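Fold and geometry: a report
Next come the chains, spelled out residue by residue.
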Amino acid sequence: MIDKSEFIWIDGKFIPWEEANVHILTHTLHYGSGVFEGERAYGGKIFKMTEHHQRLHDSAAILDFKIPYSVQELNQVAEELLKRNHLLDAYLRPIAWHGNEAVGVCSLKTSVHVGMATWVWHSYFPLDHKGIKLMWAEWLRPAPNMAPVLAKANGQYITNTLCKNKAELMGFHDALMLDYRGYVAECTGSNIFMVKNGVLYTPIADCFLKGITRQAIVELAKASQIPFVEKYILPSEILLADEVFITGTAAEVQPVVQIGNQEFQQGPIALDLMKQYRDLVRKP
Ligand code: PMP
């Protein structure tokens, strides 16, 4: 269950957690027309805060609307929200959605609302340090002309939810989704990397979310002189990998020990990058 905090920010006001509700005819509730972010604060400092708020703006632009608060203003809200809730290590969830002025598919005549919540969320996966198990997902990431694939948009998460539900029901931690071409894409809330013969690989993010954690890992790998290649990866290639790991704000860096019925060992590159990431997020 979610670990409640005291205040949530909505449309310029900090209000009690219990009062942060929306109307039943909210456009986004019916048509999935909103955008959101997931951020983490470590020791009171939000990791890549500006990048997250910029992505919120970009996601809204892809969905034909504008966030009525600048990136700078959202940064201030996030910092103030943490302070008011007396939180140092916490997850933050900004969200922007369309209101209830018009019922119908078109969102252009509805108001835009913005909210932000924060709470303590220690780990996305049960952390027993044994690594995570992925099943192959039953749904594909769609082509860029079939869905606004580069936006972190609410509506797109329905297939992720179905894949994640199935994974948990089947005893896995998450599902690995392929894209519309059959290449390895991402998990339901994280990006994926593999290591083969000392080279680090990750799929080209042309039809799924280009994670902010993914980018941080690429920079850490480059700084550590780990050879890195971004390329289309076939399912048969990832099954031959020496190491596999996933990255995401909520998930952080997690070694993968199983995909389908294929097992993997936790390897030195994943464990090293996991440690480096842990240090980086807490760097003053
Ligand atoms: N893919 C999906 C579908 C996600 O929901 C997330 C989490 N935002 C990611 C990848 C990783 O993105 P980030 O590293 O920016 O959290």
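Before any of the text, the structure's been laid out above.
Residues numbered from 1 in each chain as written. Predicted model: local features only at pLDDT ≥ 70, side-chain atom pairs only at ≥ 80, totals over all residues. Heavy atoms only, no water.

Attention shifts here to the site of the ligand. As a matter of local geometry, the ligand sits amid 15 residues, with Y157, E186, I212, T213 and T249 nearest to it. Side-chain polar atom of K152 to a nitrogen atom of the ligand: 2.9 Å apart, as the coordinates give it. Residue E186 places a side-chain N or O atom 2.6 Å away from a nitrogen atom belonging to the ligand. Taking 380 Å² as the accessible area of the ligand by itself, protein coverage stands at 95%. (Near = heavy atom within 4 Å. Polar contact = N/O pair within 3.5 Å; in protein donor to acceptor, adjacent residues only side chain to side chain. Areas by Shrake-Rupley, 256 points an atom, 1.4 Å probe, with all protein chains shown as cover.)

What follows covers helix 3 (residues 71-84). Between its first and last C-alpha atoms helix 3 spans 20 Å; for 14 residues at 1.5 Å apiece the expected length is 20 Å, and the two agree. Taken residue by residue, helix 3 has V71, L74, N75, V77, A78, L81 and L82 as its buried positions. Angular distribution of buried residues about the axis of helix 3 spans 165°; they occupy a single face of the element. Looking one or two residues past helix 3, H86 carries a phi angle of roughly 55°, positive in sign. (Helix = DSSP H or I, 4+ residues; strand = E, 2+ residues; numbered from the N terminus. Expected span 1.5 Å × (residues − 1). Buried < 20%, exposed > 50% of the residue type's maximum accessible area, 1.4 Å probe, protein only. Arc of directions from axis to C-beta.)

Structurally, the α-helix is built with 3.6 residues per turn, so residues lying three or four positions apart point the same way. Its 12 residues give helix 5 (residues 212-223) an end-to-end C-alpha distance of 17 Å, which sits within 8% of 16 Å, the value for a rise of 1.5 Å per residue. Restricting attention to buried positions, one finds in helix 5 the residues I212, T213, R214, A216, I217, V218, L220 and A221.

The next point concerns the packing of helix 2 (residues 49-62) against helix 3. The contact between helix 2 and helix 3 brings their axes to 9 Å, and the two run at 125°. Between helix 2 and helix 3, the angle falls in the class oblique. Between helix 2 and helix 3 the crossing geometry is right-handed. Touching M49, T50, H53, Q54, L56 and H57 of helix 2 are V71, L74, N75, A78 and E79, all from helix 3. (Axes fitted to C-alpha atoms, helices over the stretch in contact; angles between N-to-C directions. Parallel < 35°, antiparallel > 145°, perpendicular 65-115°, else oblique. Left-handed = near helix turned anticlockwise from the far one by under 90°. Contact = heavy atoms within 4.5 Å.)

A few words on the environment of L271. Mapped onto the fold, L271 is located in helix 7 (residues 268-281). Sequence-wise, L271 and E243 are 28 residues apart; in three dimensions their C-alpha atoms are separated by 9.7 Å. Excluding anything up to four places from it in sequence, L271 contacts P255 and Q266.

As a further point, take the packing of aromatic side chains. The tally for this structure, following the rule as stated, stands at 10 aromatic pairs. Here the aromatic rings of W9 and Y69 are separated by 5.0 Å at their centres, their planes lie at 70°, and the arrangement is edge-to-face. Of the two residues, W9 sits in strand 1 (residues 7-10) while Y69 sits in the loop between helix 2 and helix 3, which places them 60 residues apart along the sequence. The same class applies to W9 and to Y69, which are both buried. Here the aromatic rings of Y91 and W119 are separated by 5.3 Å at their centres, their planes lie at 55°, and the arrangement is tilted. Within this pair, whereas Y91 is found in strand 6 (residues 90-98), its partner W119 is found in strand 7 (residues 112-119), the two being separated by 28 residues in sequence. (Phe/Tyr/Trp six-rings, centres within 6.5 Å; stacked < 30°, edge-to-face > 60°.)

Pairing between strand 8 (residues 132-136) and strand 15 (residues 252-259): 3 bridges, direction parallel. When the sheet's bridge partners are listed, I132 is paired in strand 15 with V256. One ladder, built from 3 bridges, connects strand 8 with strand 9 (residues 174-178); its direction is parallel. Its bridge partner lying in strand 9, L134 is registered against D174. Read as a crossover between parallel neighbours, the route from strand 8 over helix 4 (residues 157-169) to strand 9 is right-handed. (Pairing = 2+ DSSP bridges. Right-handed = clockwise from strand over helix to strand, strands pointing away.)

Here we come to the side chain of R55. Residue placement: R55 occurs in helix 2. Judged by relative accessible area, R55 falls into the buried class, the value being 12%. Within the structure, R55 has its side chain in polar contact with the side chain of E37 (distance 2.8 Å). R55 has contacts with E37, K152, L209, K210, G211 and I212, leaving out every residue within four places of it along the chain.

The next point concerns unusual backbone geometry. The phi torsion of most residues other than glycine is negative, and most of the peptide bonds are trans. For Q225, which is not glycine, the phi dihedral falls at a positive 60°. Here Q225 lies in the loop between helix 5 and strand 13 (228-230). Backbone geometry places E252, a non-glycine residue, at a positive phi of 60°. Locating E252 in the fold gives a position in strand 15.

Note on placement: T213 falls in helix 5. Note: C-alpha distance between T213 and D242 (29 residues apart in sequence) is 21 Å. Setting aside its immediate chain neighbours within four residues, T213 contacts T247, G248, T249, E252 and Y277.

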